[in-house]
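As a plain string of letters, each chain reads:
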Amino acid sequence: MAAGDLTVTVVGTYATMALAVAAMDAGNDALVTDHHDLYIIPGGVTGVTFVVLKYVRAAA
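Residues numbered from 1 in each chain as written. Predicted model: local features only at pLDDT ≥ 70, side-chain atom pairs only at ≥ 80, totals over all residues. Heavy atoms only, no water.

### Some remarks on the overall build of the chain
Our working definition: To qualify as a helix, a DSSP run of H or I must reach at least 4 residues; to qualify as a strand, a run of E must reach at least 2; elements of each kind are numbered from the N terminus. In this analysis, two residues are considered to be in contact whenever any of their non-hydrogen atoms come within 4.5 Å of each other. For every accessible area listed, the method is Shrake-Rupley and the probe measures 1.4 Å; residues are considered covered only by the protein chains on display.
Counting its regular elements, the chain contains 1 helix and 3 strands. Mapped in sequence order, the helices and strands of the chain form the string β-α-β-β. Sequence-distant contacts in the chain: of pairs separated by 6 or more residues, those separated by 24 or more amount to 57%. Counting every atom, the chain has about 3,900 Å² of accessible surface; 64% of that belongs to carbon and sulfur.

And the structure:
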């Protein structure tokens, strides 16, 4: 992976906000450019309403 490349990973899908936040708390953001985002799916998809994604930008 070249410096600056972005990788986005689905950490998981969760039925409650509490479970999604726990997954975010457990995540490892080793670099200042790494972060987790929480997305709420309106109305849910087969009972899943929260998705956690991790973004990692490759270092030089």
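### Side note on the side chain of His 36
Short version of the rule: Throughout this description, buried means an accessible area under 20% of the type-specific maximum (1.4 Å probe, protein chains only), exposed means over 50%, and partly exposed covers the range between.
Within the fold, His 36 resides in strand 2 (residues 35-45). Residue His 36 is classed as buried on the basis of its relative accessible area, which comes to 11%. Those residues in contact with His 36 that lie beyond four places of it in its chain are Val 11, Met 24, Gly 27, Asn 28, Asp 29, Val 52, Leu 53 and Lys 54.

### Looking at the environment of Tyr 14
Along the chain, Tyr 14 turns up in strand 1 (residues 6-14). For the pair formed by Tyr 14 and Phe 50, sequence separation is 36 residues and the distance between their alpha carbons is 5.1 Å. Among all residues touching Tyr 14, those that are not within four sequence positions of it are Leu 19, Ala 20, Ala 23, Val 48, Thr 49, Phe 50 and Val 52.

### Describing the nonpolar core
What counts here: Here, nonpolar core refers to any group of buried Ala, Val, Leu, Ile, Met, Phe, Trp, Tyr and Cys residues whose side-chain atoms link them within 4.5 Å.
Tyr 14, Ala 20, Ala 23, Phe 50 and Val 52 form the largest nonpolar core, which has 5 residues in total. Elements with a contribution of two residues or more to this core: helix 1 (17-26) and strand 3 (48-57).

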